[in-house]
Amino acid sequence: MEVEPFSSYSFDRENEAIEMVLDDKGETWVNYWGVWKGTLAATGKTYETPIHLTSQFVDGKIVKSYGYWDNAPLQLDMMAMQLAAEKAAQQAAEESPK
């Protein structure tokens, strides 16, 4: 996710969980559960998005990483703003003298 459209963003550090597991294949994975918060600069609306990240470590380095979250509410709002801007531009073009 790009952060440029946001006036602020952070993770809720008080309600996060992290665990390290050694799976049945001997692989080391670290899991993170948390909530990402961001305020969209254009509207001032704040979004709270639960996320889950899981990363495999080998020799202290991440070799695989997967992230899961639902950013549909944010994407729908951003698409609505873009559509409104396009409609306003089209209406302004139609109303301008030729």
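Above: the structure in question.
Residues numbered from 1 in each chain as written. Predicted model: local features only at pLDDT ≥ 70, side-chain atom pairs only at ≥ 80, totals over all residues. Heavy atoms only, no water.

Colleague: Whenever I open this one, the overall build of the protein chain confuses me. Can you help?
Modeller: Scanning the protein chain for helices and strands turns up one helix and five strands. When the helices and strands of the protein chain are listed from N to C terminus, the series reads β-β-β-β-β-α. For 98 residues, the compact-globule estimate of 2.2 N^0.38 gives 13 Å, and the protein chain exceeds it by more than 25% at 20 Å. With respect to the principal axes defined by its C-alpha atoms, the protein chain has extents near 70 × 25 × 20 Å. (Helix = DSSP H or I, 4+ residues; strand = E, 2+ residues; numbered from the N terminus. Rg over C-alpha atoms; globule rule 2.2 N^0.38 Å.)

Colleague: Honestly, the nonpolar core in this entry has me stumped. Any pointers?
Modeller: One finds Phe6, Tyr32, Trp36, Leu40, Tyr47, Ile51 and Leu74 forming the largest nonpolar core, which totals seven residues. For this core, the secondary-structure elements that each account for two or more residues are strand 3 (28-40) and strand 4 (46-58). A total of three residues in this core trace back to one element, the largest contributor, which is strand 3. (Core = buried A, V, L, I, M, F, W, Y, C linked by side-chain atoms within 4.5 Å. Buried < 20%, exposed > 50% of the residue type's maximum accessible area, 1.4 Å probe, protein only.)

Colleague: How do you make sense of the pattern of salt bridges when you look at a structure like this?
Modeller: Once their charged atoms are close, side chains differing in charge can pair, the charge on each being opposite to the other. A full pass over the atoms with the stated rule returns three salt bridges. A salt bridge links Arg13 to Glu16; its shortest N-O distance comes to 3.1 Å. Note on Arg13: relative accessible area 56%, which makes it exposed. Lys37 is paired through a salt bridge with Glu48; the nearest N and O atoms lie 4.0 Å apart. (Salt bridge = Lys/Arg side-chain N within 4 Å of Asp/Glu carboxyl O.)

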